[in-house]
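A structural walkthrough
Single-letter residue listing:
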Amino acid sequence: EPEVTQTPSHQVTQMGQEVILRCVPISNHLYFYWYRQILGQKVEFLVSFYNNEISEKSEIFDDQFSVERPDGSNFTLKIRSTKLEDSAMYFCASSDEGSGYTFGSGTRLTVV
Amino acid sequence: AQSVTQLDSQVPVFEEAPVELRCNYSSSVSVYLFWYVQYPNQGLQLLLKYLSGSTLVKGINGFEAEFNKSQTSFHLRKPSVHISDTAEYFCAMGDSSYKLIFGSGTRLLVRP
């Protein structure tokens, strides 16, 4: 069964540093997403991406965040200057349309 | 505003007993509904989804859910739980914007 692959599984970074989280969505999917889950809390939508542009973003997704699809297979989330409160599990997802979501196994980001 | 409510933060149950995890949603438009399971330190696994059609949806691992439009509910049920069902369960709602809105989760704790 096709999978969404995320790397790394765990990333530790110093506060103020830039971090890039990587995802390989399912190949024939057209919609890509990032979600985050702060420890012990619910999963929150960050951003959706379609046709090489952001289609929707949440209030969490401020100027410190950006997404990119640099080639035909990768989908990245960049945090420019990490803060302690950015520590969370970040999930990538892809879908063919809204009903066919598949999530990756997540990247645990720890900001120290 | 759209929202998903999971009233029970934790549901303890004995092994082989039936269980129901409650989910209510609020939306003014047609929605898709999902249940995801998250085992400790793992990603989100889709249990089942309601898109349209039959209101009783069967999923993996013996779970099923019933969509009730009049009560705006999508409760998850299993007739006989196993120790291995111990996990966090998230109800989620999607619409034409394709983003998912998650509930706060219910921890199912199965005791021997």
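**Observations regarding the sheet that holds strand E3 (residues 19-24) of chain A**
Residues and elements named next belong to chain A. An order of E1-E3-E8-E7 is seen for the four strands of this open sheet, with the pairing classed as antiparallel. Of all strands in the sheet, those bounded by a partner on one side alone are strand E1 (5-7) and strand E7 (65-68). Shown here is a sheet whose adjacent strand axes are inclined to one another by a mean of 20°, direction ignored. Of the pairings in the sheet, the one linking E3 to strand E8 (residues 75-79) comprises five bridges and is antiparallel in character. Paired with Cys23 across the bridge in E8 is Phe75.

**Some words on the environment of Leu39(A)**
Along the chain, Leu39(A) falls in the loop between strand E4 (31-37) and strand E5 (43-50). For the pair Leu39(A) and Arg108(A), spaced 69 residues apart in the sequence, the C-alpha separation amounts to 9.7 Å.

**Quick word on the nonpolar core**
Counting residues in hydrophobic clusters, the biggest one holds 29 residues, and the most contacted among them are Trp35(B), Leu48(B), Leu76(B) and Tyr89(B). Where this core is concerned, the elements lending two or more residues are strand E2 (10-14), strand E3 (19-21), strand E5 (32-38), strand E6 (45-50), strand E8 (64-68), strand E9 (73-78), strand E10 (87-94) and strand E12 (106-111) of chain B. With four residues, E10(B) is the largest single contributor of residues to this core. One finds Phe32(A), Leu77(A), Tyr90(A) and Cys92(A) within the second-largest nonpolar core, a separate group that totals 21 residues.

**Regarding the pattern of salt bridges**
Scanning the model with the defined rule gives eight salt bridges over all chains in all. One salt bridge in this structure joins Arg36(A) and Glu44(A), with 3.3 Å as the shortest N-O distance. Its salt-bridge partner being Glu66(B), residue Arg77(B) comes within 3.6 Å of it at the nearest N-O pair. Of this pair, Arg77(B) sits in strand E9 while Glu66(B) is found in strand E8, placing the two residues eleven residues apart along the sequence. Under the relative-accessibility criterion, Arg77(B) is labelled partly exposed at 28%. Residue classification places Glu66(B) among the partly exposed residues on the basis of a relative accessible area of 32%. Beyond isolated ion pairs, a larger network of salt bridges with shared partners links Glu20(B), Glu66(B) and Arg77(B).

**Looking at the packing of aromatic side chains**
Taken as a whole and judged by the stated rule, the model has 24 aromatic pairs over all chains. Residues Tyr33(A) and Tyr101(A) carry aromatic rings whose centres are separated by 4.4 Å and whose planes lie at 25° to one another, so their mutual orientation is stacked. Pair noted here: Tyr33(A) is in strand E4 and Tyr101(A) is in the loop between strand E9 (88-95) and strand E10 (102-103), with a separation of 68 residues, a long-range link. For the pair Tyr33(A) and Tyr101(A), one class covers both residues: buried. Three or more aromatic residues joined by ring pairs make a cluster, and in this case those are Tyr33(A), Tyr35(A), Phe45(A), Phe91(A), Tyr101(A), Phe103(A), Phe34(B), Tyr36(B), Phe90(B) and Phe102(B).

**What about the pairing of E9(A)?**
Residue and element names in this part refer to chain A. Counting buried residues in E9 gives eight out of eight residues, a clear majority hidden from the surface. Of the two faces of E9, the one holding Ala88, Tyr90, Cys92 and Ser94 and the one holding Met89, Phe91, Ala93 and Ser95 are both buried throughout. Relative to E9, E4 is paired through seven bridges, and the arrangement is antiparallel. Opposite Tyr31, over in E9, you have Ser95 as the bridge partner. The sheet contact formed by E9 and strand E11 (residues 107-111) spans three bridges and is antiparallel. Residue pairing across strands places Met89 opposite Arg108, the latter belonging to E11. Relative to E10, E9 runs antiparallel, the two being bridged by two bridges. Residue pairing for E10: Ala93 is matched across the bridge by Phe103.

**Observations concerning the layout of surface pockets**
When its volume is computed, the largest pocket comes out at roughly 600 Å³. Glu1(A), Thr102(A), Leu44(B), Gln45(B) and Leu46(B) are, among the 23 residues lining the largest pocket, the residues nearest its centre. For the lining of the largest pocket, the elements supplying multiple residues, two or more each, are E10 of chain A together with E5 and E6 of chain B. Sorting elements by how many residues they give to the lining of the largest pocket places E6(B) first, with four residues. The calculated volume of the second largest pocket comes to roughly 320 Å³. If you go around the second largest pocket, you meet 16 residues; those closest to its centre are Gln37(A), Leu39(A), Gly40(A), Gln38(B) and Arg107(B).

Rules behind the numbers
- Within any chain, residue numbers begin from 1 and follow the written order of that chain's sequence.
- Here the convention is simple: chains get letters from A, ligands get numbers from 1, in the order in which they are written.
- Thresholds applied to this predicted model are a pLDDT of at least 70 for local features of residues and 80 or more for the giving and counting of side-chain atom pairs; totals over whole chains, interfaces and linings are not thresholded and use all residues.
- The side-chain figures draw on all heavy atoms in the structure; neither hydrogens nor water molecules are used.
- Between any two strands, pairing holds if DSSP finds at least two bridges.
- Think of it this way: any DSSP run of H or I at least four residues long counts as a helix, any run of E at least two long counts as a strand, and we number them from the N terminus.
- Think of each axis as a best-fit line through the C-alpha atoms, taken over the contacting stretch in the case of a helix, with angles from 0 to 180 degrees between the N-to-C directions.
- Nonpolar cores are built from buried Ala, Val, Leu, Ile, Met, Phe, Trp, Tyr and Cys residues. Side-chain atoms within 4.5 Å join them into one set.
- The cut-offs for exposure are 20% and 50% of the maximum accessible area for each residue type, with area from a 1.4 Å probe on protein chains only; residues under the lower value are buried, those over the upper are exposed, and the others partly exposed.
- Salt bridges are identified by distance alone: a Lys or Arg side-chain nitrogen within 4 Å of an Asp or Glu carboxyl oxygen.
- Any two of the Phe, Tyr and Trp rings considered here, Trp counted by its six-membered ring, make a pair once their centres fall within 6.5 Å; the pair's planes then place it as stacked at under 30 degrees, edge-to-face at over 60, or tilted in between.
- A cavity here means a set of 1 Å grid points, computed over protein atoms only, where a 1.4 Å probe fits but cannot escape. A pocket is an open set with protein on both sides within 12 Å along at least 5 of 7 lines, and lining residues have an atom within 4 Å of a point.
- Grid points are joined across faces, edges and corners, and a volume is the space filled by probe spheres set on the points.

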